[in-house]
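Now for the letters of each chain:
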Amino acid sequence: MNILVCICKTPDTTAKITFSDNNTKFDTTNVQWIMNPTDEWYALVRGIELKNQLGGKVTVVNVGQSDSDQIIRKALAIGADNAVRIDAEPVDSYFVASQIAAYAKAQNFDVIFTGKESIDYNSFAVGGMLAEMLDIPYISLATKLEMEGNTATIDREIEGGIEKVQVDTPFVASGQKGLAEQLIPNMRGIMMARRKPLNVVPAVDVETLSSITEYELPPARSSVKLVDADNPAELVRLLHEEAKVI
Amino acid sequence: MSTKLVEPQTSNGTAHSKTAAGQDLYKHPDYFLVEELLTDEHRLIRESVQAWVKKEVSPIIEDYAQRAAFPHQLLKGLGEIGAFGPTIPVEYGGSGLDYISYGIIMQELERGDSGIRSTASVQSSLVMYPIYTFGTEEQRKKYLPKLATGEMMGCFGLTEPDHGSNPGGMVTTIKDKGDHYLLNGAKMWISNSPFADIAVVWAKDEEGIIRGLIVERGMEGFTTPEIHGKWSLRASATGELVFDNVKVPKENLLPKSKGLKSPLMCLSSARFGIAWGAIGAASDCYDSALRYSLQREQFGKPIAAFQLTQKKLAEMITEITKAQLLAWRLGVLKNEGRATPAQISMGKRNNVDMALKIAREARQIHGGMGISGEYSIMRHSMNLESVVTYEGTHDIHLLITGMDVTGINAFM
């Protein structure tokens, strides 16, 4: 199995999010970066499990600049065999998908994994675009994936239930909770990651289709009114007269 | 390559700076951006061990400490994550990492519990290190790979009932009986002894020279009674080593060990880890105190808004920052082979003293909750009462620094 896992960096979930330049730029000062959790916990780990089960190798690919190297090394420490960083600032989903497609076209990957979304911009878009650009099937929101020969049986989440899908390689799948469980890199893996190749390749020319004009923080949480449990009438009155929801 | 995690066990007595749901919310304090002095690899090591501790140690440790039981199930995980012998070369089962990496691992383990860190310290610095440094190639190959995985556990016998700060006065002896050594004597306050498979034991030969031997469980006349009733390191197993005419095969002598210097080299390695480990305990206390003081309200405002609370918090983060810088510099010197035993002694003394004071202050900030098992503070505080005197008491370390700067021995 020749497996590709797409990973990206996102701000740590506890990072304080601020904007600069009149709310047109994300201020990355003092922001700690982590590997996008759905890429790491589900896509990468399932890829490594499949390799351990069936043989082959796992390549991780990232579109980013050198500040992505720390999360790439982590992916190698967890168990990926080699890594490719496409040297460009990831502008939007179309740009990222185009870069990965340009790289993946010549590589004959059997399975390409993404996380279901990146937790920063939440676009859900790279996996689908990538499949389209490579002209191969896309199965999103996978919660279970088993391989038999060249055929994968995938459980994917749908509204109120599960859909079972069969697909032949090559294909793109996006992983979410349930597909695998988090692996913590151990000291041996961290040390061995030093010797694994991280190839930096130039980006291809891609048209930028979108740009961010302004950021806006969600409204601050309003205060909470506590209503005595013995006084449901007051709760009804508040919901009716103040919140105006009933 | 990686450690597969099982779902954390739940217990009714979980602790650590946490929410009501029992979640470990610890965040590593780094006021002076000391992590910028480290490599990406060091940061990944810290994050990984911290993640392991949050999943495996935090949910269960308070319960084990309350029951004075050792969580044996953690040994396999400690081996898998690479906490046993991380600086030992890969060919012997270690990870071949540098000393700062070792320090960071100890820091993150002790953030969970000093007893868990003690188990890893003993295995790494007091068992694997002497076998690697003073042992034969056969001994290295026989013991180190199994010690690295935790399949085999070791302990270290130097302290005796009547010889603590004065190990040179030991009365445990070996006599050359031709095809074996006859070992007699007793060792006291030995971490891991009740379950250890092997003990690295220090004893005087007929000429009064201290030598190291590997004593294996099952050798006739060798027993390891457990010490009960401790108010400190309750989640760590401590015991004695009793040798009653134990026949130790000659090939179990560590041939390159000679004189008191050999066990003191082991202690220097362990003390280096403690200098880092204590920062973990202190950081957990500070992190918990900061969060608690921002949530706990009195007189209509968070107690963090009161000047005396802020004084405590300000002093804590200042001392932690100084300790972090001291440990980092000590790590750089150790990596370069330039850290002296006296510098390591100062690091151990300063950082443990710092941690103990912070634990006591943090206990006050937590008020009544500070003595409860709902938070990790009292456990850390009680643990550190051991750490401040083991591996050289605070006072002995003062004398080491005193002798180093004056050239005058004030031990005797």
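None of these values were measured; they are calculated from a predicted model.

Draft legend 1. Structural detail: the overall build of chain A. Scanning chain A for helices and strands turns up six helices and 14 strands. C-alpha atoms of chain A, sized along the principal axes, occupy 65 × 45 × 40 Å. For chain A, buried positions account for 46% of its 246 residues. Seen as two clouds, the 23 positive and the 34 negative side-chain charges of chain A have centres 7 Å apart.

Draft legend 2. Looking closely at the environment of K142 of chain B. All names here are of chain B. Checked against the element boundaries, K142 lands in helix 5 (residues 137-149). Owing to a relative accessible area of 46%, K142 belongs among the partly exposed residues under this scheme. Taking the C-alpha atoms as reference, K142 lies 9.3 Å from Y92; in sequence the two are 50 residues apart.

Draft legend 3. Examining the interface of chain A and chain B more closely. Each partner contributes to the interface: chain A provides 23 residues, whereas chain B provides 27 residues. Here chain A meets chain B over a buried area of about 2,200 Å², counting both sides, of which 57% is carbon and sulfur. The largest contributions to the chain A side of the interface with chain B come from I184, M187 and R188 of chain A, which together make up 33% of the buried area. Here chain A and chain B share one salt bridge between them. Note that R194 of chain A is salt-bridged to E41 of chain B, the shortest N-O span being 2.8 Å. At the boundary of chain A and chain B, one finds five residue pairs in polar contact (both at pLDDT 80 or more). Every element with two or more residues in the side of chain A that touches chain B is listed here: helix 2 (69-78), strand 13 (183-185) and helix 5 (187-193) of chain A. Considered class by class, the residues forming the side of chain A that touches chain B number ten nonpolar, six polar and seven charged.

Draft legend 4. Structural context of the packing of helix 1 (residues 40-66) of chain B against helix 3 (residues 99-112) of chain B. Residues and elements named next belong to chain B. Closest axis-to-axis distance for the helix 1/helix 3 pair is 8 Å, and the angle between their directions is 25 degrees. Considering their axes alone, helix 1 and helix 3 lie roughly parallel with respect to each other. By crossing handedness, the relation of helix 1 to helix 3 is classed as right-handed. From helix 1, H42, I45, R46, V49, Q50, W52, V53, K54, V57, S58 and I61 reach across to helix 3, where they touch I100, S101, I104, I105, Q107, E108, L109, R111 and G112. Along the lines of polarity and charge, the residues of the contact of helix 1 with helix 3 split into ten nonpolar, six polar and four charged.

Draft legend 5. Representation of helix 3 (residues 93-104) of chain A in the model. Taking 1.5 Å of rise per residue, the twelve residues of helix 3 of chain A would be expected to cover 16 Å, and the 16 Å separating its terminal C-alpha atoms lies within 8% of that figure. Taken as a whole, helix 3 of chain A has its buried residues at S93, F95, V96, A97, S98, Q99, I100, A101, Y103 and A104 of chain A.

Draft legend 6. Here's a closer look at the confidence of the model for chain B. All names here are of chain B. Summary statistics for chain B give a mean pLDDT of 94 and a share of 95% for residues scoring 70 or more. Scored below 50 in pLDDT, residues 1-21 makes 82 contacts in the model with residues more than four places away or belonging to other chains. Our summary of model confidence lists the complex with pTM equal to 0.90 and ipTM equal to 0.87.

Draft legend 7. Up close: the pattern of salt bridges. Counted under the stated rule, the structure contains 35 salt bridges over all chains. Across the salt bridge formed by E137 of chain B and K141 of chain B, the nearest N and O atoms sit 3.8 Å from each other. Residue E137 of chain B and its partner K141 of chain B are located together in helix 5, separated by four residues, close to a single helical turn. Among the salt bridges present, the one from K187 of chain B reaches E160 of chain B, with a minimum N-O distance of 2.9 Å. Of the two residues, K187 of chain B sits in strand 4 (residues 180-191) while E160 of chain B sits in the loop between strand 2 (154-157) and strand 3 (173-176), which places them 27 residues apart along the sequence. When sorted by exposure, K187 of chain B lands in the same class as E160 of chain B, which is buried. Among the ionic contacts, a cluster of salt bridges with common partners joins R46, E49 and E146 of chain A.

Draft legend 8. Layout of the domain arrangement of chain B. Residue and element names in this part refer to chain B. Per the domain assignment, the segments making up chain B are domain 1 (34-149), domain 2 (154-252) and domain 3 (261-406). Relative to domain 3, the C-alpha centre of domain 2 lies at a distance of 30 Å. In this assembly, nine residues from domain 2 lie in contact with eleven residues from domain 3. Summed over both partners, the interface of domain 2 with domain 3 comes to about 820 Å²; 75% of that surface belongs to carbon and sulfur atoms.

Draft legend 9. Highlighting the pairing of strand 2 of chain B. All names here are of chain B. Both faces of strand 2 are covered, namely the face carrying G154 and F156 and the face carrying C155 and G157. As paired elements, strand 2 and strand 5 (residues 198-204) share four bridges and run parallel to each other. Of the residues in strand 5, the one forming a bridge with F156 is V200.

Draft legend 10. Just the nonpolar core, in detail. Residues L44, F113 and F171 of chain A together with L109 and I131 of chain B are the most contacted members of the largest nonpolar core, which totals 138 residues. Here the element with the most residues in this core is helix 6 (residues 261-295) of chain B; it accounts for 15 residues. In this structure, I131 of chain B is in contact with Q139, R140, Y143, L144, L147, I198, V200, I214 and L254 of chain B, ignoring residues within four places of it in sequence. Counting residues in hydrophobic clusters, the runner-up holds 21 residues, among them V63, I112, L130 and V172 of chain A.

Draft legend 11. The arrangement of the pairing of strand 12 (residues 171-175) of chain A in detail. Residues and elements named next belong to chain A. Burial runs high along strand 12: five of the five residues are buried. With burial as the criterion, each face of strand 12 is covered, one bearing F171, A173 and G175 and the other bearing V172 and S174. Looking at chain direction, strand 8 (residues 111-115) and strand 12 are connected through five bridges and run parallel. Counterpart to I112 in the pairing with strand 12 is V172. Note: strand 9 (residues 138-148) against strand 12, three bridges, orientation parallel. Across the sheet, Y138 pairs through a bridge with V172, a residue of strand 12.

Draft legend 12. Main features of the sheet that holds strand 11 (residues 161-168) of chain A. Residue and element names in this part refer to chain A. Pairing is mixed in the open sheet, where nine strands are placed in the order 11-10-9-12-8-1-6-7-14. Unpaired on one side and paired on the other, strand 11 and strand 14 (198-202) mark the two borders of the sheet. Neighbour to neighbour, the strand axes of the sheet diverge by 30 degrees on average, direction disregarded. Pairing geometry for strand 10 (residues 151-158) and strand 11, over eight bridges, is antiparallel. Looking across to strand 11, one finds that T151 is bridged to D168. Where helix 1 (residues 37-54) meets the sheet, its contacts fall on strand 1 (2-6), strand 6 (57-64), strand 8, strand 9 and strand 12, and the angle it forms with strand 8 comes to roughly 155 degrees. The strands touched by helix 3 within the sheet are strand 1, strand 6, strand 7 (82-87) and strand 8, with strand 6 carrying the most contacts at an inclination of about 140 degrees.

Cut-off values and rules
Residue numbers here run from 1 along each chain, matching the order of that chain's written sequence. Labels are handed out in written order, letters beginning with A for the chains and numbers beginning with 1 for the ligands. Residue-level local features of this predicted model are given only where pLDDT is at least 70; pairs of side-chain atoms are given and counted only at 80 or more, and the full residue set underlies all totals for whole chains, interfaces and linings. Remark: hydrogens and water are excluded; side-chain values derive from all non-hydrogen atoms of the structure. In this description a helix means any DSSP run of H or I spanning at least four residues, a strand means any run of E spanning at least two, and both kinds are numbered starting from the N terminus. Think of it in three bands: residues with accessible area under 20% of the maximum for their type are buried, residues over 50% are exposed, and the middle band is partly exposed, with areas taken using a 1.4 Å probe on protein chains only. Charge assignment: positive for Lys and Arg, negative for Asp and Glu; neither His nor the chain ends contribute. The atom standing in for a charge is NZ when the residue is Lys, CZ when it is Arg, CG when it is Asp and CD when it is Glu. Should any heavy atoms of two residues lie within 4.5 Å, those residues are considered in contact. Buried area: the sum, over both parts, of the accessible surface (1.4 Å probe) that disappears when the two are put together. Salt bridges are defined as contacts in which a side-chain nitrogen from Lys or Arg sits within 4 Å of a carboxyl oxygen from Asp or Glu. Within 3.5 Å is the distance limit for a polar contact, defined as a pair of N or O atoms, with the added protein rule that one can donate a hydrogen and the other accept it, and that residues adjacent in sequence qualify only through two side-chain atoms. Under this grouping Gly is polar, as are all residues other than the nonpolar Ala, Val, Leu, Ile, Met, Phe, Trp, Tyr, Cys and Pro and the charged Asp, Glu, Lys and Arg. What counts as an axis is a line fitted to C-alpha atoms, over the stretch in contact for a helix, and the angles between N-to-C directions run from 0 to 180 degrees. Note on angle classes: values under 35 degrees are labelled roughly parallel, values over 145 roughly antiparallel, values of 65 to 115 roughly perpendicular, and the remainder oblique. By convention the crossing between two helices is left-handed if the near helix lies anticlockwise of the far one by an angle smaller than a right angle, and right-handed if it lies clockwise. What a helix is expected to span follows from its residue count: subtract one and scale by 1.5 Å. Confidence of the prediction at every residue is given by pLDDT, a number between 0 and 100. Segment limits for the domains were obtained from an automatic or database-derived domain assignment. By this definition, two strands are paired if DSSP reports at least two bridges between them. Here, nonpolar core refers to any group of buried Ala, Val, Leu, Ile, Met, Phe, Trp, Tyr and Cys residues whose side-chain atoms link them within 4.5 Å.

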